[in-house]
Amino acid sequence: MPYRFLYYEYGEVNNTTVFDTLYASEKYSIKDLTIICQSCMESIITEETVCDVMETAWIFSLTDLYSKCLTFINRTQSCAKKVFESSAFLNCSRDCLVSLVKTDELPLDEQTIYKSLIRWAENRCMIEGKNTTDSSEIRKVLGNLVFQIRFPLISLDSFSKDVDIILSEEEKRIISQLIDGKNIERSPFSHFKRIHKDHIFRELKHSTKCIWNQLGEIDAISFETNNPFDLDGLVLNGSLETPYTYSVEVKILSSNNTVLSNFQPKTVTESSTQFQIYFEKPCPINPNELCTIWVKMKGPPSFQGEYSNQIIHKGNVIRLYNSHLSSNATDVTHGQIPGFICFLKK
């Protein structure tokens, strides 16, 4: 493969050859082929494959690809849970998992994280011929991964019953005091809550009628907020026909129609009544500045909602306005675009 690429500037990279091809392209310093491999790996990221892609990105220091893997995993709790329960999760290196678990945006509770890491450690013990029921061996395999689990966020009852077997008596004492709210200087265990995305819905009522035509016309709504936040993605209405497939394109526009962020045209296949799309990078939304959400969907008719012209959520007020860009009839009272996915800035 690398020699054919060098001589013909042509490489047939697909999901079955991409990993081996990347190793070869890095070995022989073929930068253009590495770029092709990265693009291919981005296109095959799913809940089952993301761990393999992330581990490869970690090994070769492909920071953009690694960041996209983290964004994919952290997008929803259900997605992260499936990734942590996957068989590919067991193949991750300790260093790669440390980088993943320490992120503030990981949308999982600490007990789920703990159980997944124990499963990973038991698998490592089995591979290395160690006793999988020996808590001291489990602890050795986990190494510094232990300190990425935020034990002080677990209730004292759950902590003592379910998750303290791999810890020393001194560590148990420190964590118990932190759970009780005591201040412990230089504790190796973080007690800061993870930052989870807020799903903010503008729906008053979700229609059971699936009659909103999606023929490539524009659904748009304008908005402004009293507080800054990062818009990470959108919730859109799906179809009664399951599984359904839409061609979806999304833009976030400023008041002078400058594109602030976008979701490039992509085919989306889902089965739920609503689905989520995520921007490659969060879009910063400033207070009291009018922005417009622009959505083009092509596929079967979708559900529609009945909406309010204002959303109040955790002290944040988002006001909605009709947009002249909307050619598919979505407005402040009904249509598409039922929800925002965002990080609220405290």
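Residues numbered from 1 in each chain as written. Predicted model: local features only at pLDDT ≥ 70, side-chain atom pairs only at ≥ 80, totals over all residues. Heavy atoms only, no water.

Q: It is not clear to me how the sheet that holds strand S11 (residues 316–322) should be interpreted in this structure. Could you clarify?
A: In a beta sheet, neighbouring strands are held together by backbone hydrogen bonds and run either parallel or antiparallel to one another. Strand order in the open sheet made by the six strands is S6-S5-S8-S3-S11-S10, with antiparallel pairing throughout. Each edge of the open sheet carries a strand with a single partner, namely strand S6 (259–270) and strand S10 (310–313). Direction aside, the axes of adjacent strands within the sheet are offset by 20 degrees on average. In this sheet, S11 lies alongside strand S3 (residues 212–225) in antiparallel orientation, the contact comprising five bridges. When the bridges of S11 are listed, Ile 221 appears paired with Asn 322. (Pairing = 2+ DSSP bridges. Helix = DSSP H or I, 4+ residues; strand = E, 2+ residues; numbered from the N terminus. Axes fitted to C-alpha atoms, helices over the stretch in contact; angles between N-to-C directions.)

Q: Explain the nonpolar core here, please?
A: The tendency in soluble globular proteins is for nonpolar side chains to be buried side by side. If you look at the biggest cluster of nonpolar residues, it comprises 58 residues, and the most contacted ones within it are Ile 73, Phe 84, Leu 100, Leu 142 and Phe 151. Examining the composition of this core, we find that seven residues originate from one element, helix H8 (residues 110–127), more than from any other. The next biggest cluster of nonpolar side chains, apart from the first, holds 31 residues, and it includes Leu 234, Tyr 244, Cys 283 and Ile 318. (Core = buried A, V, L, I, M, F, W, Y, C linked by side-chain atoms within 4.5 Å. Buried < 20%, exposed > 50% of the residue type's maximum accessible area, 1.4 Å probe, protein only.)

Q: Just to check I follow, could you spell out the pairing of S3 for this structure?
A: Sheet faces and side chains relate simply in a regular strand, where the side chains alternate between the two faces. Counted residue by residue, S3 has 10 buried out of 14 residues, so it is predominantly covered. With nine bridges joining them, S3 and strand S8 (residues 291–302) adopt antiparallel strand pairing. For Ser 222, the partnering residue across the bridge sits in S8 and is Thr 292.

Q: Honestly, the sheet that holds strand S13 (residues 339–344) in this entry has me stumped. Any pointers?
A: If you trace the four strands from one edge of the open sheet to the other, you get S1-S13-S4-S7, paired in antiparallel fashion. Two strands in the sheet have a free side with no partner beyond their single neighbour: strand S1 (198–201) and strand S7 (274–285). Ignoring which end each strand starts from, the neighbouring axes of this sheet average 25 degrees apart. Looking at chain direction, strand S4 (residues 229–237) and S13 are connected through six bridges and run antiparallel. Residue pairing across strands places Asp 230 opposite Phe 343, the latter belonging to S13.

Q: In this structure, what is going on with unusual backbone geometry? I would like to understand it.
A: Note that the residue after Thr 242, namely Pro 243, is joined by a cis bond; omega there is -10 degrees. The residue Pro 243 is located in the loop between S4 and strand S5 (244–253) in this model. Not every positive phi belongs to a glycine, and Asn 288 is a case in point at roughly 60 degrees. Although it is not a glycine, Ala 329 adopts a positive phi angle of roughly 80 degrees. Summarising the element assignment, Ala 329 is placed in the loop between S11 and strand S12 (334–335).

Q: Explanation requested: the packing of aromatic side chains in the structure shown.
A: Both the distance between ring centres and the angle between the ring planes are used here to describe each pair of aromatic rings. With the rule as written, the count across this model stands at 10 aromatic pairs. Taken together, a centroid distance of 6.1 Å and an interplanar angle of 65 degrees make the contact between Phe 151 and Phe 159 edge-to-face. Residue Phe 159 is classed as buried on the basis of its relative accessible area, which comes to 2%. Ring pairing ties together the aromatic residues Tyr 114, Phe 147, Phe 151, Phe 159 and Phe 189, which thus form one cluster. When the ring centre of Tyr 307 is taken as reference, the NZ or CZ atom of Arg 202 above it lies at 3.8 Å. Here the guanidinium or amino end of Lys 251 rests over the ring plane of Trp 294, the centre of that ring lying 4.5 Å away. (Phe/Tyr/Trp six-rings, centres within 6.5 Å; stacked < 30°, edge-to-face > 60°. Lys NZ or Arg CZ within 6 Å of the ring centre and 35° of its normal.)

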